[in-house]
Amino acid sequence: MFYYFFFSSRRRHTRYISVTGVQTCALPIYGDTMFRIPGGKIICERCARYEESDQVADVAPAPLYLPPRLARCSLDNYIPGCGASKKALDAVIEYLDAWPAIGGLIMLGRMGTGKTHLAAALCKDLSLRGVKCEITTIYSLICGVKATWGSRDADEGAVIRRYCDVDFLVLDEIGSQYGSDAEKIIISEIINYRTEHDRPTAIVGNITVSEAKKSIGERAFDRIKDNGIIVAFTWQSHREFHK
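Described below are features of the structure shown in this document. (Residues numbered from 1 in each chain as written. Predicted model: local features only at pLDDT ≥ 70, side-chain atom pairs only at ≥ 80, totals over all residues. Heavy atoms only, no water.)

Let's talk about the packing of aromatic side chains
Tallied over the entire structure, the rule returns 4 aromatic pairs. Consider the rings of Trp99 and Phe168, whose centres lie 5.5 Å apart with planes at 85°: the pair is edge-to-face. Residue Trp99 is found in the loop between α3 (83–98) and β6 (105–109), and its partner Phe168 is found in strand β8 (residues 168–172); the two are separated by 69 residues along the sequence. For the residue pair Trp99 and Phe168, the accessibility class agrees, reading buried in each case. A connected cluster of aromatic rings, assembled from ring pairs, spans Tyr95, Trp99 and Phe168. Positioned over the ring face of Phe233 is Lys115, at 5.8 Å from the centre of the ring. (Phe/Tyr/Trp six-rings, centres within 6.5 Å; stacked < 30°, edge-to-face > 60°. Helix = DSSP H or I, 4+ residues; strand = E, 2+ residues; numbered from the N terminus. Buried < 20%, exposed > 50% of the residue type's maximum accessible area, 1.4 Å probe, protein only. Lys NZ or Arg CZ within 6 Å of the ring centre and 35° of its normal.)

Structure (structure tokens):
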């Protein structure tokens, strides 16, 4: 079962001032500084940046499909367990703030470090700006395309277009596919189209950079990386931090 989100848009305010007081925005406190906006509300740092942004003014939020586990993820409930994980959170927030003038996002490293959590949270925030996002596993994408082979009723092109046409695509569990030449051709075709049409792609996986290049092809990897960022998740599992 998937959750279907219609996020309500927030009204943009053109000015705010730093204050101390009780936070009145809906999000948990983010950052050390609170801001007072017209009307007297006291909001956190991230909400203040969002309220000020011209990019989100008068934009209808985009619907987003997420499975229940990912539907609970947000940037605000990602709890860093060490300095490195705090830097990863900051990198994703910087990526969000730079949108759309940025390339792809690569998040690779150890299991249980919050990569998929941050990817889902990023999709939710971008959806608030009207950005059409999709998060799927690389295995699901490949299986969806292969299911059309030899079928008179299924259209391979329609499946590929689905992943080409969204504004922001997250491919999770990179490395879980077989890595065959046919799979690399499918992935390369999608990545190439997205790159040519300025549609960033994110990849997430419990593997290294060299393993990711081998898994999806070096050319596809480099296209995702172009004008983007790589975030390494090298610390121990969050499950260990929060036992």
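There's more to say after this.
Looking at the packing of helix α5 (residues 138–146) against helix α7 (residues 181–196)
Relative orientation of the contacting elements α5 and α7 amounts to 100°, with a least axis distance of 11 Å. As the angle between them shows, α5 and α7 are arranged roughly perpendicular. Contact with α5, carried on its side by Ile138, Leu141, Ile142, Val145 and Lys146, involves Glu183, Ile186, Ile187 and Ile190 of α7 and no other residues of that element. The class makeup of the residues in the contact of α5 with α7 is 7 nonpolar, no polar and 2 charged. (Axes fitted to C-alpha atoms, helices over the stretch in contact; angles between N-to-C directions. Parallel < 35°, antiparallel > 145°, perpendicular 65-115°, else oblique. Contact = heavy atoms within 4.5 Å. Nonpolar A, V, L, I, M, F, W, Y, C, P; charged D, E, K, R; others polar.)

With respect to the nonpolar core
Nonpolar side chains tend to gather and get buried jointly when the protein is soluble and globular. Judged by nonpolar contacts, the single largest core of 35 residues is most densely connected at Met107 and Phe168. Residues Leu141, Tyr163, Ile207 and Ala220 belong to the second largest nonpolar core, which totals 24 residues. (Core = buried A, V, L, I, M, F, W, Y, C linked by side-chain atoms within 4.5 Å.)

Let's talk about the pattern of salt bridges
Overall, the coordinates contain 6 salt bridges when judged by the stated rule. Between Lys146 and Glu183 there is a salt bridge, and its shortest N-O distance comes to 3.2 Å. Of the two residues, Lys146 sits in helix α5 while Glu183 sits in helix α7, which places them 37 residues apart along the sequence. Residue Asp222 pairs with Lys225 through a salt bridge whose shortest N-O separation is 3.8 Å. In this pair, Asp222 and Lys225 are both assigned in helix α9 (residues 218–225), 3 residues apart and thus about one turn of the helix distant. Overall, Asp222 belongs to the partly exposed group, its relative accessible area being 31%. Of the residues examined, Lys225 reaches a relative accessible area of 34% and is grouped as partly exposed. (Salt bridge = Lys/Arg side-chain N within 4 Å of Asp/Glu carboxyl O.)

So, the environment of Thr136
Inspection of the secondary structure assignment puts Thr136 in strand β7 (residues 133–137). Overall, the relative accessible area of 11% leaves Thr136 in the buried class. Taking the C-alpha atoms as reference, Thr136 lies 5.9 Å from Asp172; in sequence the two are 36 residues apart. The contact partners of Thr136, leaving out residues within four places of it in the chain, are Leu141, Tyr163, Leu169, Val170, Leu171 and Asp172.

Bear in mind that shape data such as this cannot, by itself, settle questions of function.
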